[in-house]
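# Residue-level structure breakdown
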Amino acid sequence: MTYLAPSSRYKKMKYRNCGNSGLKLPLISLGLWHNFGGKTINPESKKVLFKAFDLGITHFDLANNYGPPYGSAETNFGKVMKGDLKKYRDELIISSKAGYDMWEGPYGEWGSKKHIIASCDQSLKRMCVDYVDIFYSHRFDPNTPLEETADALESIYRSGKAQYIGVSSYSSKKTNQMFEILKSRNIKILIHQPSYSLINRWIEKDLTKTLLKKGIGCIAFSPLAQGMLSEKYLKGIPKISRANQKITSLDKSLITKKNIKMINELNLIAKKRGQSLSQMALAWTLNNKAVTSALIGVRNLKQLKENVESLKNLNFSKKELSSINKKAKDGGINLWLQSSSH
């Protein structure tokens, strides 16, 4: 049965301008980091894609190595794009990235012009699209001159393979440097994609100030700390969870007694607000004036709907923010710290 989007899809979703650009992003964007890989797309994952668009989520975020296996998330998305979503291409924001390991050999990762351009071409082919709306440098490469990475991004932009350019997990200093390099070539960095959540607040030190000053948008990934900021981990590690998977980015060692205690205390604040912990966590992330959109990853329709419901209550009183700040401390969960420390 062919997918048909409802005419009401834009009535409830809220949108924000990305930095000082004219591009609007939905407050909730859908990431395909997990749950969309495999030889074929999971039927539930396909339903999530369609339901997301039904709810006004126009932004789908991918990367070359999303899966597992690497590339499979883009391939599966491409099959849906080629069929059901093709007629809606001009209503969608599709993004991809290059920088992390993707294929064997010395050119399969990092920030060289060789890797980034080849990766972009591969991603376009897998996703069955002529261009992506946003293409990111996925991480800073300390062994490649920033000018060379900028060369690759410029080439992708000038060739029409990407309409906008972004960076991910760059420090404030390196974001500034890349901004100036691209600005000298009449190219604007549209967006920065950092990890950010109640228990991973590294961007507040200086990156948010840089983004606001430069007019760069911000899409926060892992706003639920890979599921830790949900009711799932309130009593420890359940059998069915990301932390219990054989191949996972959420190591059990991150779910410490200290973090569980902190999550439970934040959950009490959420209940007083009439929200689930995940809903409050998303609303709090969007309360940062530098943040354009919160990037979620969900396994099923139930999680998707719950996350979108967070938009019903985005306001925080000074008392609530004060209570949250007393409880929400760094949980030592920033897996991308190495890139953003340069």
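Residues numbered from 1 in each chain as written. Predicted model: local features only at pLDDT ≥ 70, side-chain atom pairs only at ≥ 80, totals over all residues. Heavy atoms only, no water.

### Focus on the pattern of salt bridges
Formally: Counted as salt bridges are all cases of a side-chain nitrogen of Lys or Arg within 4 Å of a carboxyl oxygen of Asp or Glu. Secondary structure counts use DSSP, requiring at least four H or I residues in a row for a helix and at least two E residues in a row for a strand, with both numbered from the N terminus. Accessible area is worked out with a 1.4 Å probe on protein chains only. A residue is then buried under 20% of its type maximum, exposed over 50%, and partly exposed in between.
Across all of its chains, the model carries 14 salt bridges by this definition. With a shortest N-O distance of 2.7 Å, Lys 97 and Asp 61 are connected by a salt bridge. You can see Lys 97 sitting in strand E5 (residues 93-98) and its partner Asp 61 sitting in strand E4 (residues 59-61), a full 36 residues away along the chain. Asp 61 shares its class with Lys 97; the two are buried. Across the pair Asp 121 and Lys 161 runs a salt bridge whose closest N-O atoms are separated by 2.7 Å. Of this pair, Asp 121 sits in helix H3 (residues 113-127) while Lys 161 sits in the loop between helix H4 (146-158) and strand E7 (162-168), placing them 40 residues apart in sequence.

### Some thoughts on the packing of helix H2 (residues 72-82) against H3
Going by this rule: Angular values range over 0 to 180 degrees, each being the angle between N-to-C directions of two axes fitted as lines to C-alpha atoms, with helices fitted over their stretch in contact. Here the angle decides the label: under 35 degrees means roughly parallel, over 145 means roughly antiparallel, 65 to 115 means roughly perpendicular, and every other value means oblique. What makes two residues a contact is simply this: any of their non-hydrogen atoms within 4.5 Å. Gly is placed with the polar residues, together with every amino acid not listed as nonpolar (Ala, Val, Leu, Ile, Met, Phe, Trp, Tyr, Cys and Pro) or charged (Asp, Glu, Lys and Arg).
One way to put it is that H2 packs onto H3 with a least axis distance of 6 Å and a crossing angle of 45°. Considered as vectors, H2 and H3 are oriented oblique to each other. In contact with Glu 74, Thr 75, Phe 77, Gly 78 and Met 81 of H2, H3 contributes Ser 123, Arg 126 and Met 127. Of the residues in the contact of H2 with H3, the class split is three nonpolar, three polar and two charged.

### So, the confidence of the model for the chain
As a reminder, the rule being used: Every residue gets a pLDDT, meaning the predictor's confidence in that residue, from 0 to 100.
Considering every residue of the chain, the mean pLDDT works out to 94; 95% of them sit at 70 or more. No element of the chain has a lower mean pLDDT than helix H7 (residues 257-272), at 94, and none a higher one than strand E6 (residues 132-137), at 99.

### Observations concerning the packing of aromatic side chains
Applied cut-off: Note on aromatic pairs: the rings of Phe, Tyr and Trp (six-membered ring only in Trp) are paired at centre separations within 6.5 Å, and the planes decide the class, stacked below 30 degrees, edge-to-face beyond 60, tilted for the rest. Each ring is checked for a lysine NZ or an arginine CZ that lies within 6 Å of its centre and within 35 degrees of its normal; such an atom marks a charge sitting over the ring.
On inspection of all chains with the given rule, the structure shows nine aromatic pairs. The ring centre of Tyr 131 lies 4.1 Å from the NZ or CZ of Arg 89, which sits over that ring. One residue, Arg 139, lies across the ring of Trp 110, its end atom 3.5 Å from the ring centre.

### Quick notes on the nonpolar core
The condition is simple: Only buried Ala, Val, Leu, Ile, Met, Phe, Trp, Tyr and Cys residues count toward a nonpolar core, and they belong to the same one when joined by side-chain atoms within 4.5 Å.
By size, the foremost hydrophobic cluster in this structure holds 95 residues, and its most contacted members are Leu 30, Phe 60, Phe 77, Leu 85 and Leu 266. Here this core takes seven residues from helix H8 (residues 277-287), the largest share from any one element. Residues within four places of Phe 60 in sequence aside, it is in contact with Leu 30, Leu 32, Leu 49, Ala 52, Phe 53, Phe 77, Leu 85, Leu 92, Ile 93, Ile 94 and Ser 95. Ranked by size, the runner-up nonpolar core spans 13 residues in total, among them Ile 134, Tyr 136, Leu 295 and Trp 336.

### Quick look at the pairing of strand E10 (residues 293-296)
Worth spelling out the cut-off: Note on pairing: DSSP must find at least two bridges between two strands before they are called paired.
Here E10 shows a buried face lined by Ser 293 and Leu 295 and a second buried face lined by Ala 294 and Ile 296. Across three bridges, strand E3 (residues 28-31) lies against E10 in parallel orientation. Bridging from a neighbouring strand, Leu 30 pairs with Ile 296 of E10. Bridge count between strand E9 (residues 217-221) and E10: three bridges; the pairing is parallel. The residue bridging Ile 219 from the neighbouring strand is Ser 293, located in E10.

### Observations concerning the side chain of Ser 278
Secondary-structure assignment places Ser 278 in helix H8. What makes Ser 278 buried here is its relative accessible area of 4%. Ignoring anything within four residues of it in the chain, the contact list for Ser 278 reads Leu 224, Leu 229, Ser 230, Glu 306 and Asn 307.

### Side note on the sheet that holds E3
Strand order in the closed barrel made by the eight strands is E3-E4-E5-E6-E7-E8-E9-E10, with parallel pairing throughout. Across the sheet, the axes of successive neighbouring strands diverge by a mean angle of 30°, strand direction being ignored. In this structure, E5 lies alongside E6, joined through four bridges in parallel fashion. Considered in E6, the bridge of Ser 95 is made with Ile 134.

### Let's talk about helix H6 (residues 207-214)
Applicable threshold: The directions considered for the arc run from the helix axis to the C-beta atoms.
What H6 keeps buried is the set Leu 207, Thr 208, Thr 210, Leu 211 and Lys 214. Projected onto a plane normal to the axis of H6, the buried residues spread over an arc of 160° and lie on a single side. The exposed set on the far side of H6, more than 90 degrees from its buried face, consists of Lys 209 and Lys 213. The inward-facing, buried residues of H6 abut helix H5 (172-183), strand E8 (189-193) and E9. Positive phi appears at Gly 215, one or two residues downstream of H6, with a value of about 75°.

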